[in-house]
Amino acid sequence: MNCFSFKNLLLALPLLGLLLGGCKKELDDYYQPVEDPGFAGLGLPRVPLGTRYAPGESVPLYVTYAETDKLRDITVFQVVNKADSVVTGTYPANGTFNAAGGLLAQAVPYVVPANAVNGVPVRVDVTLTFQNGARRLRRFTYNVAQPITIKFGATPATYRNGLAATAQSEGDIIGYSLIINETGIGVVPTPPALPAPAAPLFKAVDSLTTFYRIGTGAPVRVGVVRNPSNGAANTRTIDVTVPRGALGQSVVFSFVAYGAVQTVTATAPAINVTNPTPLATLRTGRISGGPNATPDSLAFNFRTGLIEPAANPATAKDLFVSGLNGSAITLSAANTTRYVKITAAQLDKGFYTSATANAVGTTLYANAAALLTDIGPVAADDVYAVRVRGAELALLRILSVKPSTAGSNARVRFEYKLL
């Protein structure tokens with residue numbers, strides 16, 4: 001017959017405590033139990049432990065404990081890829097009070113092995129020994145990974161207005177090509193396989209932040225991309241805007257990648273900000289259509305500034321009469337010339353009267369998804385930004401429209417500004 005005794009109960013309680021303690025989540029916990037002698041935790045608020053670290057990196061390892069528990073020392077054990085456990089150091093307790101958690105917190109030195117193989121898992125066991133001999137084990141794991149890398153692409157900068165680097169002005173847009181973690185992968189292969197040398201496991205990038213600096217001024221943060229890479233290679237383009245107040249000065253854009261205990265910066269060459277380039281050349285033209293119009297009056301060539309004969313190929317016909325419907329006259333491009341209509345609000349701010357190539361180019365880029373081949377019915381004082389055959393910038397203004405009535409010919413008079 002089995003008998004229960006108080007002695008058996010005392011022997012069973014420590015084992016029960018260990019079993020219950022093993023059920024607690026041990027990764028990056030930070031909590032304060034009310035009644036738990038010998039409490040210990042890993043991590044601090046806003047100082048999380050990462051899941052990947054590079055060889056030679058110092059890990060921000062913090063241990064928290066209650067002052068009343070009288071901690072004696074902290075021992076750190078390391079297990080690399082299921083190898084034997086190795087002691088990396090034993091440190092006497094000397095924690096300081098952390099107001100955020102109401103506990104003592106102590107930084108514990110731990111450095112990722114310099115010769116660790118890419119991709120291998122590492123387990124770190126932190127044992128806290130108290131003055132009464134009690135011990136508490138806390139654990140975290142990570143994978144060894146390559147440090148974050150960031151660099152510019154083969155064409156580092158694309159000037160969205162289509163002008164040269166030396167012609168950039170305030171408000172212009174520049175696209176910078178960036179390569180993050182080149183050749184890297186973001187997922188560890190299924191064990192026991194390891195990442196291939198040609199495509200190693202990289203650390204994740206938590207955020208990619210853009211800054212600019214005017215002259216010798218302080219950097220200004222202007223944008224952030226969250227989690228742009230889980231470790232895998234990522235080529236992306238970041239658009240930036242030349243800031244106001246930079247005229248006559250240099251502007252430097254930089255891109256900072258943040259990851260666990262690492263910050264990497266790519267800095268672009270300085271841009272010397274200048275005045276916008278005016279569209280100083282003015283030309284006029286007319287096209288007509290209708291039952292009595294000659295076939296050679298339908299199309300216009302912006303490059304030559306002349307009517308384009310009907311027999312010529314469509315590639316030279318930047319503007320032509322594509323339809324007559326009552327009083328409406330429809331214009332189109334027969335080639336790769338594209339248009340976007342300027343809004344009344346833009347015109348009120350002098351978009352046409354002070355026309356610049358910078359403003360036209362930026363407007364075309366900002367409306368890239370809405371560029372027109374068919375302008376549609378036009379009216380006097382309509383204004384269009386124009387990209388002539390994928391190259392030159394121009395600004396078209398409709399001067400007058402004579403509709404086709406009672407069988408008469410329709411006519412459109414216009415002017416356009418270009419470099």
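Data block above holds the structure.
Residues numbered from 1 in each chain as written. Predicted model: local features only at pLDDT ≥ 70, side-chain atom pairs only at ≥ 80, totals over all residues. Heavy atoms only, no water.

Peer 1: Please give an account of unusual backbone geometry that cites residues and values.
Peer 2: In this structure, Pro192 follows Pro191 across a cis peptide bond, with omega equal to 5 degrees. Mapping Pro192 onto the fold places it in the loop between strand S11 (173-180) and strand S12 (205-214). With a phi close to 55 degrees, Lys70 is a non-glycine residue in the positive phi region. Checked against the element boundaries, Lys70 lands in the loop between strand S3 (61-65) and strand S4 (71-80). Of note, Asp381 is a non-glycine position whose phi angle comes to about 80 degrees, a positive value. Looking at the secondary structure, you find Asp381 in the loop between strand S24 (374-377) and strand S25 (383-388). A residue is classified by how much of its surface remains accessible, and Asp381, at 45% relative accessible area, is partly exposed. (Helix = DSSP H or I, 4+ residues; strand = E, 2+ residues; numbered from the N terminus. Buried < 20%, exposed > 50% of the residue type's maximum accessible area, 1.4 Å probe, protein only.)

Peer 1: Let's hear about the packing of aromatic side chains: which residues, and what values?
Peer 2: Centre distance and the angle of the planes are the two values used to describe a pair of aromatic rings. Applying the stated criterion across every chain yields a total of 16 aromatic pairs. Aromatic pair Tyr212 and Phe253: ring centres 6.4 Å apart, planes at 65 degrees, arrangement edge-to-face. Separated by 41 residues along the polypeptide, Tyr212 in strand S12 and Phe253 in strand S15 (residues 250-259) bring together distant segments of the chain. Phe253 shares its class with Tyr212; the two are buried. (Phe/Tyr/Trp six-rings, centres within 6.5 Å; stacked < 30°, edge-to-face > 60°.)

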